[in-house]
Amino acid sequence: MTYLEWIIAAQPILLILFSATISLLHTFVKKVFVVDLVAVVLSLLSLAISIYALVYVVGSGMLVYKFGGFPPPLGITYVVDEISAVLGLLTTFSLTLSVTYGSWILEPDSRYLFYSAAFLLVAGSTSLFYTADIFNLYVSAELTSISSYVLASFYRSRGASIRAASFYSLTASLVLSLLLLSTFILYGSYGTLNMADLALKSRDPSSWVPYTGSVFGDIVLASKVSLAIIAWVMMFKSAIMPNHFWLPGVYSEAPTPAVALFTTSADIIGVYGLARLLVTVFGVNTVFSEFREILMNVLLVTAATSATVSAVLVTLQRSVRKVVAYSTIAQFSLALVGISIGNPEGVAGAVLHLVANGLGDALVLYSAGLAAVTCGRSLTCLSYLRRYRVAYIALITGFLNLFGIIPLLPGFWSKAILTLAVIRAGMPAGAALVLAVSGLCAVGYFRAVASSLKSTSEVVRREGYRGNTLVPTVVLLVLLATTMALGVLLLVSGSARSFVVEGIGSSIANYERYIRLVLGV
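Quick look at the structure, then.

1. Regarding the overall build of the chain
Looking only at helices and strands, the chain has 21 helices and two strands in total. Relative to the 2.2 N^0.38 estimate, which gives 24 Å for 521 residues, the radius of gyration of the chain is 22 Å and therefore close to what a compact globule would have. C-alpha extents for the chain along the principal axes are approximately 75 × 60 × 45 Å. For the chain, with 521 residues in total, the buried portion stands at 63%. On the chain, roughly 18,600 Å² of surface is accessible, and the fraction owed to carbon and sulfur atoms is 68%.

2. Description of the environment of Leu-25
Here Leu-25 is to be found in helix 2 (residues 11–28). Taking the C-alpha atoms as reference points, Leu-25 and Val-35, separated by 10 residues in sequence, lie 6.7 Å from one another. Setting aside chain neighbours within four positions, we find Leu-25 in contact with Val-34, Val-35 and Val-38.

3. Description of the pattern of salt bridges
Side chains bearing opposite charge may pair, as long as their charged atoms lie close to each other. Following the criterion strictly, the structure yields five salt bridges and no others. Linking Asp-197 and Lys-201 is a salt bridge whose minimum nitrogen-to-oxygen distance equals 3.5 Å. Placement of the pair is Asp-197 and Lys-201 together in helix 8 (residues 195–201), with a separation of four residues, close to one helical turn. Comparing Asp-197 with Lys-201 shows no difference in burial state: the two are buried. Its salt-bridge partner being Arg-424, residue Glu-345 comes within 2.6 Å of it at the nearest N-O pair. Of this pair, Glu-345 sits in helix 15 (residues 344–374) while Arg-424 sits in helix 17 (residues 410–424), placing them 79 residues apart in sequence. Here Arg-424 falls in the exposed class, since its relative accessible area comes to 55%.

4. Regarding the packing of helix 9 (residues 219–237) against helix 13 (residues 289–314)
How two helices pack is summed up by the angle between their axes together with the distance between the axes. In the contact formed by helix 9 and helix 13, the axes pass within 11 Å of each other and the chain directions differ by 20°. Considering the angle they form, helix 9 stands roughly parallel to helix 13. In terms of crossing hand, the pair formed by helix 9 and helix 13 is right-handed. Where helix 9 abuts helix 13, its residues Lys-224, Leu-227, Ala-228, Ala-231 and Met-235 lie against Phe-291, Leu-295, Leu-299 and Thr-302.

5. Thoughts on the pairing of strand 2 (residues 77–80)
Burial along strand 2 is two-sided: Thr-77 and Val-79 and Tyr-78 and Val-80, pointing in opposite directions, are all buried. Sheet analysis places strand 1 (residues 63–66) next to strand 2, joined by four bridges and oriented antiparallel. Bridge pairing in strand 2 places Val-64 opposite Val-79.

6. Comments concerning the packing of aromatic side chains
Summed over the entire model, instances satisfying the criterion amount to 23 aromatic pairs. Each ring, one from Phe-18 and one from Phe-119, has its centre 6.2 Å from the other, and the planes form 85°; the classification is edge-to-face. In this pair, Phe-18 is assigned in helix 2 and Phe-119 in helix 5 (residues 111–130), connecting sequence segments 101 residues apart. The buried category is assigned to Phe-18, whose relative accessible area is 10%.

7. Side note on the packing of helix 2 against helix 3 (residues 32–60)
Look at helix 2 against helix 3: their axes get within 10 Å of each other, and the N-to-C directions meet at 175°. By the angle class used here, helix 2 and helix 3 are roughly antiparallel. Judged by residue contacts, Gln-11, Leu-14, Leu-15, Phe-18, Ile-22, Leu-25 and His-26 of helix 2 engage Val-34, Val-35, Val-38, Ala-39, Leu-42, Leu-45, Ser-46, Ile-49 and Ser-50 from helix 3. Counted by class, the contact of helix 2 with helix 3 contains 12 nonpolar, four polar and no charged residues.

8. Details of the side chain of Ser-265
Tracing the backbone through its elements, the reader meets Ser-265 in the loop between helix 11 (256–262) and helix 12 (269–281). Residue Ser-265 is classed as buried on the basis of its relative accessible area of 0%. Once you skip the residues sitting within four places of it in the chain, Ser-265 turns out to touch Thr-91, Leu-121, Ser-125 and Phe-129.

9. Here we look at the side chain of Ser-507
In this fold, Ser-507 is placed in helix 20 (residues 494–509). Among the residues examined, Ser-507 registers a relative accessible area of 8% and is labelled buried. Within the structure, Ser-507 has its side chain in polar contact with the backbone oxygen of Ile-504 (distance 3.0 Å). Ignoring sequence-local partners within four residues, the contact set of Ser-507 consists of Glu-82, Glu-502 and Arg-513.

Rules used in this analysis
Residues numbered from 1 in each chain as written. Predicted model: local features only at pLDDT ≥ 70, side-chain atom pairs only at ≥ 80, totals over all residues. Heavy atoms only, no water. Helix = DSSP H or I, 4+ residues; strand = E, 2+ residues; numbered from the N terminus. Rg over C-alpha atoms; globule rule 2.2 N^0.38 Å. Buried < 20%, exposed > 50% of the residue type's maximum accessible area, 1.4 Å probe, protein only. Areas by Shrake-Rupley, 256 points an atom, 1.4 Å probe, with all protein chains shown as cover. Contact = heavy atoms within 4.5 Å. Salt bridge = Lys/Arg side-chain N within 4 Å of Asp/Glu carboxyl O. Axes fitted to C-alpha atoms, helices over the stretch in contact; angles between N-to-C directions. Parallel < 35°, antiparallel > 145°, perpendicular 65-115°, else oblique. Left-handed = near helix turned anticlockwise from the far one by under 90°. Pairing = 2+ DSSP bridges. Phe/Tyr/Trp six-rings, centres within 6.5 Å; stacked < 30°, edge-to-face > 60°. Nonpolar A, V, L, I, M, F, W, Y, C, P; charged D, E, K, R; others polar. Polar contact = N/O pair within 3.5 Å; in protein donor to acceptor, adjacent residues only side chain to side chain.

Shown next as structure tokens:
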């Protein structure tokens, strides 16, 4: 284990230390500019670690780190493979943009609180992506939830913000307690919570593993109950209907950079968790494969229904935040459709769709944030963006990416791979679903764009408007460049498309490699 490999595994811990550093720095250094600068630098350092992690995985394969030197399944193990490296990079990239944008849009006396909570949020998300232990997955989910509560209630003087955050925190606390219950059930029957150990014993209950031995009880019944609970919890975390009720309120009341961070970190962990647990850990060839198939079909129907209903709701919204909220539910639901199919193309399309949706949401939110401080949150205020060329281009590009019709943007490729996945799975109706959901969402997107074309004669600047738009312009330029670069890369590079389908999709389905590299058997 080299020093740089250790840095990759230690990234969640470093992010927690960065969060504490910012709070301490604010206590002893009263210059806001210094705190802003340190937060941006630390976020860039986190981004650099994530970039190296992806480069390492592409070049050297899956990284397995054993905390304290304890061999798995005895101790906590981090596994950085293709899917966790990609989502980790997405999360830290979003953190960098969120911190930078927050230094412009948030009030100086409260920025440090936002920075600290944002770093904790990303620490929990990356830990959840990397962990190979279900109890540690629960702890990571709790960390993301606690920091999400702080960010959702950031505007403490607003009653609506407190209501939305309180509703979210109370329901999330209850739901996550069910996740903890499922870990107890699994441990009581399997005698382990290590994912590779669970993956092995769920397929061969007679297996014997050092330190944990063989299974303790009836793993079939325990697995059925636990998977049903976990599926419900993960649907809540990614706001899949009917567990979506908390998301519109949170997205409407949280700060703009917080919402952009949610959609690329805390809110994608549910889809990721289902992919990891239902494809890698409890995937094909388990002793309860019939129940798993039923569960996957239930998730498929639920996700398809959620995508359709939320897409219809997108067409009815009158504010950018609500458009993004219901659009996000629809896109996460499409991603869950890909996971529920269970083939490599479906998983690959789902992961790429999470990335494409996060980039599209960020483009729309950060553009709309400029309109919000200038005028307000209504769709009519988007007309003000015509005075800011970069923001206006970013807004239109974000909506086009979410629509997924232009091959130069990653949204096209994620939906194309999802469509290919459902066709290969023998479900042509799934292709119609992807097209229908995209078309319905597009009605809401085009309404927002049409509102931006209206006259600005009745639009009034809000008091306290910040005239200097350098910071949001730089953030939007970086986002535009990244989104376009990813889309062009997927268009011209067969290797990039192969990495998505074979690298991400096939790797998460390859449970034998996961077991071999983690347990050494």
